[in-house]
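Observations on the model geometry
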Amino acid sequence: MTGAQRRRQLLDVGRELFAERGYEATSIEEIAARADVSKPVVYEHFGGKEGLYAVVVDREMQQLLDRFAAALSTGGHPRQLTERAALVLLDYIEEETDGFRVLARDSPVAGTEGGFSSLISEVASKVEHVLAENFALRGYDPRLAELYSQALVGMVALTGQWWLDTRSPDKREVAAHLVNLAYNGLSHLDPEPRLVDPR
């Protein structure tokens, strides 16, 4: 195996083990055994378990962010963009289950960018630009787009975590319900909402 092939193999093995067992329960010994290499080979490529984990997380985050960027870059009606965004995440969960399991766990490694919460923030910032444009066109304060993008992406992401294990109903139906809640709520926004409970 070339160095690049060995590195790719170790990343794949690490991804699989971190998805199955989580960061804490996975050992360098297990990674090396499953890859059929010695522990020093893992250290040589990644410096240790922390380094391997950080690269696995970065690779998964980039793959998912690229999918979101491609889906949102073509423009379209806000409802279509919301549908695309929901389906991007559900497609990723279906096609890259191990990768999503790794991302959905909070990163235990000090100094890494941190998995799921970082991912939600990055996706929300992409959605924020789309929302800000639409808010401005409709007379809403575009500065609130950040708040709404966090809420929308968080709603889809948490539903995605639930769907990861249930896989029912079908992903297109789940996406349709998410969009129904998000879009119909967004289409009737009160420009200056107030709480009804005076407390």
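Quick caveat, the model's predicted, so the values are computed rather than measured. (Residues numbered from 1 in each chain as written. Predicted model: local features only at pLDDT ≥ 70, side-chain atom pairs only at ≥ 80, totals over all residues. Heavy atoms only, no water.)

Looking only at helices and strands, the protein chain features nine helices and zero strands. Beginning at the N terminus, the succession of helices and strands in the protein chain can be written as α-α-α-α-α-α-α-α-α. Judged by the C-alpha coordinates and their principal axes, the protein chain covers about 60 × 40 × 35 Å. In the protein chain, which comprises 199 residues, the share counted as buried stands at 41%. Long-range pairs, those at least 24 residues apart, make up 66% of the contacts in the protein chain between residues at least 6 apart in sequence. Of the charged side chains in the protein chain, 22 are positive and 31 negative, and the gap between their average positions amounts to 2 Å. (Helix = DSSP H or I, 4+ residues; strand = E, 2+ residues; numbered from the N terminus. Buried < 20%, exposed > 50% of the residue type's maximum accessible area, 1.4 Å probe, protein only. Contact = heavy atoms within 4.5 Å. Lys, Arg positive; Asp, Glu negative; His and termini not counted. Charge placed at Lys NZ, Arg CZ, Asp CG, Glu CD.)

Judged by nonpolar contacts, the single largest core of 60 residues is most densely connected at I31, L64, L89, F100 and L119. The residues touching F100, leaving out its near neighbours within four places in the chain, are L89, Y92, I93, F116, G160, Q161 and L164. (Core = buried A, V, L, I, M, F, W, Y, C linked by side-chain atoms within 4.5 Å.)

What UniProt calls "DNA-binding region" (unreviewed entry) maps, in this numbering, to residues 27–46. This span, residues 27–46, is 80% helix and 0% strand, and a straight line between its end C-alpha atoms measures 14 Å. (UniProt positions renumbered as here; feature names shortened; annotations may be inferred.)

By the definition in use, this model includes six aromatic pairs. Ring geometry for F135 against Y148: centres 5.3 Å apart, planes inclined by 75°, an arrangement best described as edge-to-face. Pair noted here: F135 is in helix α7 (residues 115–138) and Y148 is in helix α8 (residues 145–166), with a separation of 13 residues, a long-range link. Under the relative-accessibility criterion, F135 is labelled buried at 4%. Members of the aromatic cluster, each reached through a chain of ring pairs, are F18, Y23 and Y53. Stacked on the ring of Y23, the Lys or Arg K49 has its end atom at 4.2 Å from the ring centre. Sitting over the face of the ring of W163, R167 holds its NZ or CZ atom 5.2 Å from the ring centroid. (Phe/Tyr/Trp six-rings, centres within 6.5 Å; stacked < 30°, edge-to-face > 60°. Lys NZ or Arg CZ within 6 Å of the ring centre and 35° of its normal.)

When the terminal C-alpha atoms of helix α5 (residues 78–95) are compared, their 25 Å separation across 18 residues agrees well with the 26 Å that a helix rising 1.5 Å per residue should span. Taken together, the buried positions of α5 are occupied by L81, A85, A86, L87, V88, L89, L90, Y92 and I93. (Expected span 1.5 Å × (residues − 1).)

Overall, the coordinates contain 15 salt bridges when judged by the stated rule. Close ionic contact of E192 with R194 constitutes a salt bridge, the shortest N to O distance being 3.7 Å. Residues E192 and R194 agree in their burial class; the two are exposed. Residues participating in the shared-partner salt-bridge network are R15, E60 and E96. (Salt bridge = Lys/Arg side-chain N within 4 Å of Asp/Glu carboxyl O.)

Interaxial distance between helix α1 (residues 3–21) and helix α4 (residues 49–73) falls to 9 Å at its minimum, and their mutual angle equals 85°. Regarding the angle of α1 to α4, the classification is roughly perpendicular. Residue-level inspection shows R7, L10, L11, D12, G14, R15 and F18 of α1 in contact with α4, the latter providing K49, L52, Y53, V55, V56, R59 and E60. Looking at the contact of α1 with α4 residue by residue, the class counts come to seven nonpolar, one polar and six charged. (Axes fitted to C-alpha atoms, helices over the stretch in contact; angles between N-to-C directions. Parallel < 35°, antiparallel > 145°, perpendicular 65-115°, else oblique. Nonpolar A, V, L, I, M, F, W, Y, C, P; charged D, E, K, R; others polar.)

The next subject is empty space enclosed by the protein. Over the atoms rolls a probe the size of a water molecule, and its path tells where empty space is left. What the rule picks out here adds up to one cavity of 30 Å³ or more. If you add up the space inside the largest cavity, you get close to 70 Å³. Around the largest cavity sit F135, Y140, D141, L144, Y148, L189, D190, P191 and P193, which together line it. In the lining of the largest cavity, the residues fall into seven nonpolar, no polar and two charged. (1 Å grid on protein atoms, 1.4 Å probe; cavity = no way out; pocket = protein on both sides within 12 Å on 5 of 7 lines; lining within 4 Å. Points joined across faces, edges and corners; volume = space filled by probe spheres on them.)

Approximately 430 Å³ is the volume attributed to the largest pocket. When contributions to the lining of the largest pocket are tallied by element, the ones reaching two or more residues are α4, α5, α7, α8 and α9 (171–187). Here the lining of the largest pocket gets 10 residues from one element, more than from any other, and that element is α7. In the lining of the largest pocket, the residues fall into 26 nonpolar, three polar and one charged.

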